[in-house]
Amino acid sequence: MKPKTQPEIWFIAGSQYLYGEKTLEQVREHSSQIAEGLDASPHLSIKIRFIAVVTDTPDIRQVLSQANQSSTCIGVIVWMHTFSPAKMWINGLKTLQKPLLHLHTQFNRDIPWSSIDMDFMNLNQSAHGDREFGFITSRMRLPRKVVVGYWTSAQVHKEIDHWARACAGWSDWQDAKIVRFGDNMRQVAVTEGDKVEAEIRFGFSVNTYAVGDLVESIRQVTPAEIAELLAEYEEKYHVAPELKKGGARRPSLEEAARIERGLETFLVSGHFKAFTNTFEDLHGMKQLPGIAVQRLMAKGFGYAGEGDWKTAALVRAMKVMGSGLAGANAFMEDYTYHFDPDNSLVLGSHMLEVDESLASHKPSLEIHPLGIGGKEDPVRLVFNVAGGQGLNASIVDMGNRFRMVINEVVAVDPPHELPKLPVARVLWQPLPDMHTACKAWILAGGAHHTCFSTNLSSEVLMDFAEIAGMEALVIDKDTQIRDFQKEIQWNDMTYRK
Ligand code: MN
């Protein structure tokens, strides 16, 4: 799923006619060299393409309008090699709809002490050209990322990549279709939200489909398709004896495979990127989908349970943002605590739907009763998740804006066997510590549903929130409750309408 071939980031350099054609020719050459250098970086996952040196208002408006129209351009990097009077940029920037990154660099790394003259100074003016550009973008209150540093440095490439990944997630959301089978789990507040506002702000649409439509798709699955999936299960998982061929519960596994194929066909044929369902609305289905959802999430579909379309959308975007990286992005729920003062832990899981891409070993394929939903016992994959750095992210609807809450965590290998727990599970220590992290999360109104990531940094998500015009609160090693409470209060003022 590495998007190297399709989407691209446009690189545009700003200048002006004042310097004459000879200087502009150098600006063009240097700018394309920088763009090529970035494109060749092993730290950058998305193609960087040099587009133009722009020198006046019509030029700028035209190139930024082309960026808007382009189906491959997912973001724009702008850099001022020389001075580029920023009033020229106003009309173009007013129309820009693609994410913006302002790169503050300089073509020459060092001052050529013995040869520097006024020609050199006039060409290498980023130090004040970029300040002029910074003023107008600040004056216009434009969302953007600013990256500072020499253009060959790995750190600069990594920071640009964080933003480029956020651009990829954002691009994926535009026109994305999300299915909701049934409505919200009754009476739950945090999974609700304004779907119209979400479409206006974020670009994706959420629409409800009758469970009966899904049931019809499941009904049409052929015995050959079921057999194909069963063979795949046998190969990939430790199958419980009762689910094996001739086992007493084999029909349940066949039904689970039928559900998986029917659900996948429904999603693929409808061009849906994410989905959500609820155990309260399964009319016509024999089991709550367990392994089906686990495997479809691992294939890249966004998902969250109980009608939670916001988390389903977030899971999908984070999967796209983490594309090509080792690790995973997965639907998660804060389930149970271990309040040992010396080793406080959160156990994350869901009643069935834990993403297979998190598994640290070959999963077990098992069947167990499920107390809710009133259906037959569902088949599910059971596994542990390896330790390592990670984070949880959640989007909630605060009524007048969407808020993202991010908590950095350290996942740990399970310290004990959990022989009676019939679901996949993750254990983590939230940063900065259990009490502060949980208190901050609750003060921020963060949901119990999250996307758990083992390969995205807070910076990627902050870039994403900036692009999306969404409030973002980070709980990390430096979080202190008193400051965090003030941040919430200030943000409430910022978003007051
Ligand atoms: Mn849940």
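Residues numbered from 1 in each chain as written. Predicted model: local features only at pLDDT ≥ 70, side-chain atom pairs only at ≥ 80, totals over all residues. Heavy atoms only, no water.

A few words on the coordination of the manganese ion. Donor atoms from the polypeptide that bind the manganese ion are Glu-306 (OE), Glu-333 (OE), His-350 (NE2) and His-449 (NE2), placed at 2.1 to 2.2 Å. Counting residues between consecutive donors of the manganese ion along the chain gives the motif E-x26-E-x16-H-x98-H. Here His-449 lies in strand β18 (residues 449-453) and Glu-333 lies in strand β11 (residues 329-338), a separation of 116 residues in the sequence. An identical accessibility class is assigned to Glu-333 and His-449; each is buried. (Donors = N, O, S within 2.8 Å, 3.2 Å for Na, K, Ca; no water. Helix = DSSP H or I, 4+ residues; strand = E, 2+ residues; numbered from the N terminus. Buried < 20%, exposed > 50% of the residue type's maximum accessible area, 1.4 Å probe, protein only.)

Attention shifts here to the nonpolar core. Ranked by size, the top nonpolar core spans 89 residues in total, and within it Leu-103, Phe-204 and Phe-275 carry the most contacts. Mapping this core onto the domain boundaries places at least three of its residues in each of domain 1 (8-173) and domain 2 (177-495). Dropping the residues within four chain positions of it, Phe-204 is found in contact with Trp-173, Ala-176, Ile-178, Ala-198, Glu-199, Trp-309 and Ala-313. (Core = buried A, V, L, I, M, F, W, Y, C linked by side-chain atoms within 4.5 Å. Domains from an automatic or database assignment. Contact = heavy atoms within 4.5 Å.)

So, about the sheet that holds strand β1 (residues 8-14). Note on sheets: strands pair through backbone hydrogen bonds, and any given pair is parallel or antiparallel. The strand order across the open sheet formed by five strands is β2-β1-β3-β4-β5, and the pairing between neighbours is parallel. The sheet is open, and its two edges are formed by β2 (47-54) and β5 (145-148), each paired on a single side. Put simply, the sheet's adjacent strands are angled 25° from each other on average, direction ignored. Where strand β3 (residues 73-80) lies against strand β4 (residues 100-104), three bridges are found, and the strand directions are parallel. Of the residues in β4, the one forming a bridge with Val-76 is Leu-100. Taken strand by strand, helix α6 (residues 154-173) contacts β1, β3, β4 and β5, and its axis lies near 145° from that of β3. (Pairing = 2+ DSSP bridges. Axes fitted to C-alpha atoms, helices over the stretch in contact; angles between N-to-C directions.)

So, about the pairing of β11. One ladder, built from five bridges, connects β11 with β18; its direction is antiparallel. Residue pairing across strands places Phe-331 opposite Cys-451, the latter belonging to β18. Pairing between β11 and strand β12 (residues 345-349): five bridges, direction antiparallel. Opposite Tyr-337, over in β12, you have Val-346 as the bridge partner. Between β11 and β12, which pair antiparallel one after the other, the connecting turn spans six residues.

Attention shifts here to the packing of helix α13 (residues 434-444) against helix α15 (residues 481-494). Here α13 crosses α15 at 15°, and the two axes come no closer than 10 Å. It follows from the interaxial angle that α13 and α15 lie roughly parallel. The hand of the α13/α15 crossing is right-handed. Facing Thr-436, Lys-439, Ala-440, Leu-443 and Ala-444 of α13, the residues of α15 in contact are Ile-481, Phe-484, Gln-485 and Ile-488. Residues that form the contact of α13 with α15 fall into these classes: six nonpolar, two polar and one charged. (Parallel < 35°, antiparallel > 145°, perpendicular 65-115°, else oblique. Left-handed = near helix turned anticlockwise from the far one by under 90°. Nonpolar A, V, L, I, M, F, W, Y, C, P; charged D, E, K, R; others polar.)

The next subject is unusual backbone geometry. Residue Pro-432 is reached from Leu-431 by a cis peptide bond, and omega for that bond is 5°. Summarising the element assignment, Pro-432 is placed in the loop between β17 (426-430) and α13. Of note, the phi angle at Asp-175 is positive, near 70°, even though the residue is not glycine. For Asp-175, the location among the structural elements is in the loop between α6 and β6 (177-181). Assessed through its relative accessible area of 69%, Asp-175 is described here as exposed.

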